[in-house]
Amino acid sequence: MTNRPVIFSIIIPFKSWSSDLEECLNYIKKLTLKEFELILLPDEETTVPEEFLDLPIILCPTGQVNPAVKRNLGAEKANGGFFAFIDDDAYPKYDWLDIAVKVFKERPEVGALGGPAVTPKTDPFWARVSGAVFLSRISGGFPERYIPCPPSRVVDDWPTVNLLVRRSVFNQAGGFGSMFWPGEDTFFCLKIKNNTSKKILYFPELVVWHHRCEQLFKHLKQIGNYGLHRGYFAKVFPETSRKAIYFIPTLWVVFVLIGLYLSTLSHSIQILYLGGWACYLTAIAFSWKEICRYENTLVAFCAIPYVLLTHLWYGVKFAQGLATKNLKSKLGR
């Protein structure tokens with residue numbers, strides 16, 4: 001392996017070695033920009049398979065700590081001028097780093113870059129159904145996080161599955177808040193916004209692929225974690241989390257439960273209640289049509305019950321987050 005200058009430090013936290021991680025590393029091998037180092041952060045000491053020994057790997061066992069702590073430890077070991085964060089169950093497009101370095105060089109006001117994390121077409125059927133929930137603004141809220149949605153734009157929050165940051169901005173922001181998981185990326189982006197003069201830019205061509213949950217239970221567990229933390233953040237970090245879009249699922253849950261009770265008391269209320277459901281189902285139909293732009297009809301059809309359950313469960317957990325006095329982090333296991 002030839003010695004090259006390190007422009008990017010690719011930082012990957014994970015629990016233990018897996019086939020998903022191997023897939024990620026195989027795609028990293030295909031990156032056309034080769035001036036990078038790869039910092040792997042497992043829980044325990046790990047033997048790197050021989051097929052990956054040609055990669056410039058720095059292995060840093062961390063113990064059982066959450067991903068925010070792992071990323072901070074990885075940043076301490078990094079030598080690159082830019083940090084590229086990606087999950088172990090995701091993998092980048094070949095030009096991932098080329099695009100990033102070009103934007104960073106041409107736009108000095110940009111401190112961090114985020115791009116979409118696309119569901120692979122090779123994912124199992126029910127994983128694609130899970131991913132399809134997020135392909136419409138009506139069903140998922142932020143389709144630009146899951147498919148390329150031009151144009152590029154300034155954002156105030158972006159997930160770490162596909163987030164690249166200037167080293168100087170990372171240090172100025174103070175790294176990730178290790179008390180949160182999930183939500184560490186939201187807190188980190190808020191610190192960039194508050195502690196630096198740089199912007200976070202969404203760039204649709206900056207693509208990675210990200211595997212989704214194959215089981216409904218796991219899908220809802222993930223959604224519940226997101227809702228819980230966003231509800232808590234809406235209370236303690238209103239700058240980026242107290243947005244109307246985050247409250248809508250909880251308002252829908254209130255409508256469903258209270259409206260069901262009140263509709264038993266009055267025929268007029270019952271008509272209004274059914275009218276509310278009719279409006280909601282009409283919106284879901286529009287959502288289905290949008291999903292069909294990216295997925296086949298069967299996947300889109302099976303995503304409808306997922307959407308209904310996603311809205312209800314996110315709404316319940318968001319309300320729980322709002323009511324939580326002090327949210328404690330978990331390891332994410």
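This text follows the structure it describes.
Described below are features of the structure shown in this document.

Scoring rules and cut-offs
Residues numbered from 1 in each chain as written. Predicted model: local features only at pLDDT ≥ 70, side-chain atom pairs only at ≥ 80, totals over all residues. Heavy atoms only, no water. Pairing = 2+ DSSP bridges. Helix = DSSP H or I, 4+ residues; strand = E, 2+ residues; numbered from the N terminus. Axes fitted to C-alpha atoms, helices over the stretch in contact; angles between N-to-C directions. Contact = heavy atoms within 4.5 Å. Salt bridge = Lys/Arg side-chain N within 4 Å of Asp/Glu carboxyl O. Core = buried A, V, L, I, M, F, W, Y, C linked by side-chain atoms within 4.5 Å. Buried < 20%, exposed > 50% of the residue type's maximum accessible area, 1.4 Å probe, protein only. Left-handed = near helix turned anticlockwise from the far one by under 90°. Nonpolar A, V, L, I, M, F, W, Y, C, P; charged D, E, K, R; others polar.

With that settled, consider the sheet that holds strand S6 (residues 110-114). Judged by pairing direction, the sheet is mixed, and its 8 strands sit side by side in the order S3-S2-S1-S4-S9-S6-S10-S8 without closing on themselves. Each edge of the open sheet is held by one strand with a lone partner, namely strand S3 (57-59) and strand S8 (153-155). Strand-to-strand twist across the sheet, computed as the mean angle between neighbouring axes with direction ignored, equals 25°. Relative to S3, strand S2 (residues 36-41) runs parallel, the two being bridged by 3 bridges. Bridge pairing in S3 places Leu38 opposite Ile57. Along the sheet, helix H2 (residues 67-77) contacts strand S1 (8-13), S2, S3 and strand S4 (82-86); its crossing angle with S2, the most-contacted strand, is approximately 140°.

It is worth spelling out the pattern of salt bridges at this point. A complete count under the given rule lists 12 salt bridges for this structure. Through salt bridges with shared partners, one network takes in Arg71, Asp87 and Glu184.

In terms of nonpolar packing, the biggest core is built from 49 residues, with Phe83, Phe85, Val165, Phe170, Phe188 and Ile192 touching the most fellow members. Among the elements that make up this core, the one with the highest residue count is helix H11 (residues 297-323) (8 residues). Among all residues touching Phe188, those that are not within four sequence positions of it are Leu163, Val165, Phe170, Ala173, Gly175 and Phe176. Trp96, Val101, Leu113 and Ala117 belong to the second largest nonpolar core, which has 37 residues in total.

Here we come to the packing of helix H4 (residues 125-132) against H11. Interaxial distance between H4 and H11 falls to 8 Å at its minimum, and their mutual angle equals 65°. Here H4 runs over H11; the crossing is right-handed. Here H4 contributes Phe125, Trp126, Arg128, Val129, Ser130 and Ala132 to the contact with H11, which in turn contributes Leu298, Val299, Cys302, Ala303 and Tyr306. Classifying every residue of the contact of H4 with H11 by side-chain character gives 9 nonpolar, 1 polar and 1 charged.

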